[in-house]
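Fold and contact review
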Amino acid sequence: MALREQWAETAMGVVVLALTAGFLTYSLSVGGVHMKRGDYEISAKFGEAGSLAPGAAVTVAGVKVGTVSEVTLEPKTYLAVAKLSIDPTVKLPADSTAKITSDGLLGGAHVAIAPGASLEDLKAGGEIENTQGAVDIFGLIGSVIRPQGGGAATSEPAAANPATQPAESY
């Protein structure tokens, strides 16, 4: 009986390894981290990349047309450089605009491209010149909650309430 139990455990191990390999292959193909054959790559530089990461979607009018293949820092300008892998059937005008948008309040980020009006298309290896980086939503909320500098609050509470001011004599 001991030999039969060993074979059952070995068979179960083989099944688990096969399922793991299948899930890994599926997740890599759906995630789109690697360029597909035929895709062309363009780049865009952003002042703030936020949570943009490889595998994020690239959309035009809300339709996925590619993925972010790499996000790096340019050492001289300190700009985030995103490499975008685009479907070859999508021809983007050379004056297109790219911006990093959020998938939701706590979601990830993706690149939304607004096509321009140029008659020339971006070629493989080209760069989108007009970009808008990610907006730090939590930073914006924090600045509204805790205003810094010369806001409405003053250090002299008496000046804010005229009723507490002494009457001037004429």
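As shown above, the structure is provided for reference.
About the cut-offs
Each chain carries its own residue numbering, running from 1 in the written order of its sequence. Per-residue local features are limited, in this predicted model, to residues with pLDDT of at least 70; the limit for side-chain atom pairs, both in listing and counting, is 80 or more; totals at the level of whole chains, interfaces and linings are taken over all residues. Only heavy atoms go into the side-chain values, all of them from the structure, while hydrogens and water stay out. Working definition: helices are DSSP H or I runs of at least four residues, strands are E runs of at least two. Numbering for both runs from the N terminus. Only protein chains enter the area calculation, which uses a 1.4 Å probe; residues under 20% of their type maximum are buried, those over 50% are exposed, and those in between are partly exposed. With residues, only the protein chains shown are counted as cover, and all accessible areas are computed by Shrake-Rupley using a 1.4 Å probe. Strand pairing requires that DSSP identify at least two bridges connecting the strands.

So, on to the overall build of the protein. When helices and strands are tallied, the protein shows three helices and eight strands. Starting at the N terminus and ending at the C terminus, the protein contains elements arranged as α-β-β-β-β-β-β-β-β-α-α. When burial is assessed residue by residue, the protein has 24% of its 170 residues classed as buried. Total accessible area on the protein stands at roughly 12000 Å², and carbon and sulfur atoms take up 62% of it.

Strand order in the open sheet made by the eight strands is E7-E1-E4-E3-E2-E6-E5-E8, with mixed pairing throughout. Strands with a single pairing partner mark the edges of an open sheet, and in this sheet they are strand E7 (127-128) and strand E8 (130-132). Pairing geometry for strand E3 (residues 63-73) and strand E4 (residues 80-86), over seven bridges, is antiparallel. Looking at the pairing, Thr 67 lines up with Ser 85 of E4.

What follows is about the pairing of E3. Along any regular strand the residues' side chains alternate between the sheet's two faces. Where strand E2 (residues 57-60) lies against E3, four bridges are found, and the strand directions are antiparallel. Note on E3: the bridge partner recorded for Thr 59 is Lys 64. Between the end of E2 and the start of E3, which pair antiparallel, lie two residues, with Ala 61 showing a positive phi angle near 55°. Hairpin connection of E3 to E4: six residues between the antiparallel strands, including Tyr 78 at a positive phi of 60°.

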